[in-house]
Amino acid sequence: MSATPTSLDAPEVSIARDLARRALIISPIFLLIGVAIDGVGGLISSGLALALVAFNFFLGAKIISRAIAISLNTLYGAVLFGYLIRLGLMAVAVLIVRNADWFATVPFAITLLITHLGLLIWETKHVSLSLAFPGVMPAKPSTDNFQE
Amino acid sequence: MLNVLAETATGEMLEGLKAIGAGLGYGLAAIGPGIGIGTVVGNAISSMARQPESAGMVRTTMFLGIAFTEALALIGFVVFILLLP
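Conventions adopted
Residues numbered from 1 in each chain as written. Chains lettered and ligands numbered in written order. Predicted model: local features only at pLDDT ≥ 70, side-chain atom pairs only at ≥ 80, totals over all residues. Heavy atoms only, no water. Salt bridge = Lys/Arg side-chain N within 4 Å of Asp/Glu carboxyl O. Helix = DSSP H or I, 4+ residues; strand = E, 2+ residues; numbered from the N terminus. Buried < 20%, exposed > 50% of the residue type's maximum accessible area, 1.4 Å probe, protein only. pLDDT = per-residue confidence, 0-100. Contact = heavy atoms within 4.5 Å. Buried area = accessible area lost by both parts, 1.4 Å probe. Nonpolar A, V, L, I, M, F, W, Y, C, P; charged D, E, K, R; others polar. Expected span 1.5 Å × (residues − 1). Bend = angle between axes of the 7 residues up to and from the residue. Core = buried A, V, L, I, M, F, W, Y, C linked by side-chain atoms within 4.5 Å. Axes fitted to C-alpha atoms, helices over the stretch in contact; angles between N-to-C directions. Left-handed = near helix turned anticlockwise from the far one by under 90°.

## Side note on the pattern of salt bridges
Taken as a whole and assessed by the stated rule, the structure comprises 5 salt bridges over all chains. A salt bridge links Arg59(B) to Glu12(A), with the nearest nitrogen and oxygen atoms 2.6 Å apart. Taken together, the residues Arg59(B) in helix 2 (residues 55-83) and Glu12(A) in helix 1 (residues 11-68) connect one chain to another. The burial state of Arg59(B) is the same as that of Glu12(A); both residues are buried.

## Section: the confidence of the model for chain A
Of the residues in chain A, 89% reach a pLDDT of 70 or more, and the chain-wide mean stands at 87. Of the regions scoring below 50 in pLDDT, residues 1-7 of chain A engages in 21 contacts with residues more than four places distant in sequence or in other chains.

## Quick word on the interface of chain B and chain A
In this assembly, 36 residues from chain B lie in contact with 45 residues from chain A. Ranking the residues of chain B by area buried against chain A places Arg59(B), Phe63(B) and Leu74(B) at the top, with a combined share of 19%. Inspection of the region where chain B meets chain A yields 2 salt bridges. Listing elements by their share of the side of chain B that touches chain A, those giving two or more residues are helix 1 (2-50) and helix 2 of chain B. Looking at the side of chain B that touches chain A, the element that brings in the most residues is helix 2 of chain B, giving 21 residues. Considering only residue class, the side of chain B that touches chain A consists of 26 nonpolar, 7 polar and 3 charged.

## A look at helix 1 of chain A
Every α-helix carries 3.6 residues per turn, so stepping three or four residues along brings you back to the same face. Between its first and last C-alpha, helix 1 of chain A extends only 12 Å over 58 residues, short of the 86 Å set by a 1.5 Å rise per residue. When the local axis directions of helix 1 of chain A are compared, the greatest deviation, roughly 145°, occurs at Asp38(A).

## Some details on the nonpolar core
Membership of the largest hydrophobic core comes to 55 residues, with the highest contact counts inside it found for Leu75(A), Phe108(A), Leu112(A) and Phe77(B). Of all the elements in the fold, those that place two or more residues in this core are helix 1, helix 2 (72-97) and helix 3 (105-124) of chain A together with helix 1 and helix 2 of chain B. Tallying contributions element by element places helix 1 of chain A first for this core, with 16 residues. In contact with Leu75(A), other than residues within four places in its own chain, are Ile64(A), Ala67(A), Ile68(A), Val41(B), Ile45(B), Met48(B) and Met62(B).

## Some points on the packing of helix 1 of chain A against helix 2 of chain B
A pair of packed helices can be characterised by two numbers: the angle between their axes and the separation between those axes. At a minimum axis separation of 10 Å, helix 1 of chain A and helix 2 of chain B run at an interaxial angle of 145°. Of the two elements, helix 1 of chain A crosses helix 2 of chain B, and the hand of that crossing is right-handed. Contact residues: helix 1 of chain A offers Pro11(A), Glu12(A), Ile15(A), Ala16(A), Leu19(A), Asn56(A), Phe57(A), Gly60(A), Ala61(A), Ile64(A), Ser65(A) and Ile68(A), while helix 2 of chain B offers Gly56(B), Arg59(B), Thr60(B), Met62(B), Phe63(B), Leu64(B), Ile66(B), Ala67(B) and Glu70(B). Here the contact of helix 1 of chain A with helix 2 of chain B is composed, by residue class, of 13 nonpolar, 5 polar and 3 charged.

Spelled out as structure tokens, the structure:
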């Protein structure tokens, strides 16, 4: 299940990419739940929530990887202001679409909360906390070419 | 006529109060995670300053910690959406 991180990836970017990949894997379940609750509107709303969750992870990771290259002080400021900016962006995104005919609040809310927490809990099992491979756990080496 | 006006005003006032409540709720819900994220990043920075060689590991933990803390703000966000008139 684990992706193979490249050496150029910042740990948080590789984790965000892996989270997005996992979001794609579980997306059919939440899209079906959306359809079951509110038809096509629920489907689109669940899709929007999934996209927002993935975008939120990516933006957070990019902010950290950019800021840490400058200095640790910049990292502190960027993470805190980034948090405010990301919350603001999510609020704006919802305020734009909430009056649309297709927007269904309940599937959106369910998908947003469960996906965010569920993906994180799932990801913690696949994160490598080692000095050698920070970020996503490297894939196990293949034994196909092993010769005795 | 007056009754109709009073009912309309009450309805509009209710809508306005709901909107104010939603905004206040979202803002208040964002305070706790803000403090939490500050703590997470502050401790991560002091770890990286003490042991720069462990920066990669600390960044991994920090990113997940920030994301978990942010889930609390998302709960406030969901309440905000549900309360909006």
